[in-house]
Amino acid sequence: VFGQENKWNADTVIMNYVDKIKLLYAKDTDGNYLFPNIVFGATDRINDMRIVTNPIVPANELYVMDTTKGRILDRRRLTVTAYFENKDNIEHDLVTLVATERLQFHVRLINRDAFMKCSDISAALVALDPDLP
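All figures in this text were calculated on a predicted structure; none of them were measured in a lab.

Enquirer: Describe the environment of Asn 60, with residues and values.
Expert: Position of Asn 60 among the secondary structure elements: in the loop between strand S3 (49-53) and strand S4 (62-65). A residue is classified by how much of its surface remains accessible, and Asn 60, at 25% relative accessible area, is partly exposed. In this structure the C-alpha to C-alpha distance between Asn 60 and Ile 121, which are 61 residues apart in sequence, comes to 5.2 Å. Those residues in contact with Asn 60, other than ones at most four positions away along the chain, are Asp 19, Cys 118, Ser 119, Asp 120, Ile 121 and Ser 122. A distance of 2.6 Å separates the side chain of Asn 60 from the side chain of Asp 120, its partner in a polar contact.

Enquirer: Quick rundown of the confidence of the model for the protein chain? Include the residues and the values.
Expert: Residues at a pLDDT of 70 or more form 84% of the protein chain, whose mean pLDDT is 81. Ranking the elements of the protein chain by mean pLDDT puts helix H2 (residues 37-40) last, at 56, and strand S1 (residues 12-15) first, at 91.

Each value, and the rule that gives it
Residues numbered from 1 in each chain as written. Predicted model: local features only at pLDDT ≥ 70, side-chain atom pairs only at ≥ 80, totals over all residues. Heavy atoms only, no water. Helix = DSSP H or I, 4+ residues; strand = E, 2+ residues; numbered from the N terminus. Buried < 20%, exposed > 50% of the residue type's maximum accessible area, 1.4 Å probe, protein only. Contact = heavy atoms within 4.5 Å. Polar contact = N/O pair within 3.5 Å; in protein donor to acceptor, adjacent residues only side chain to side chain. pLDDT = per-residue confidence, 0-100.

See the structure below:
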């Protein structure tokens, strides 16, 4: 309901890189590209949504979201630790620095529907257009 009343405006798709390539070069049963380059131009956007690839997203799944409905909370605390004894650091006069910062992506409960998951891209495409192979 909120999506239909324009409360959400999906602006980002997160998917696996292989699925992105499959989607951009998908064809219908007549051999026509679903998203031709002459119409869409750059391959990092689809239907005015930015495509972000991430290897953590499983194959054949994607996430669609309105990124304005969430925010990153930062504790403003960065921990930096220096290690002088790591294998042969002492012999080569080297130091290993490890920096840690804790962040959280926070979404208010009322906005949780602005972040949706598609568990099966193939089934979703067929549901949108039954003429797909």
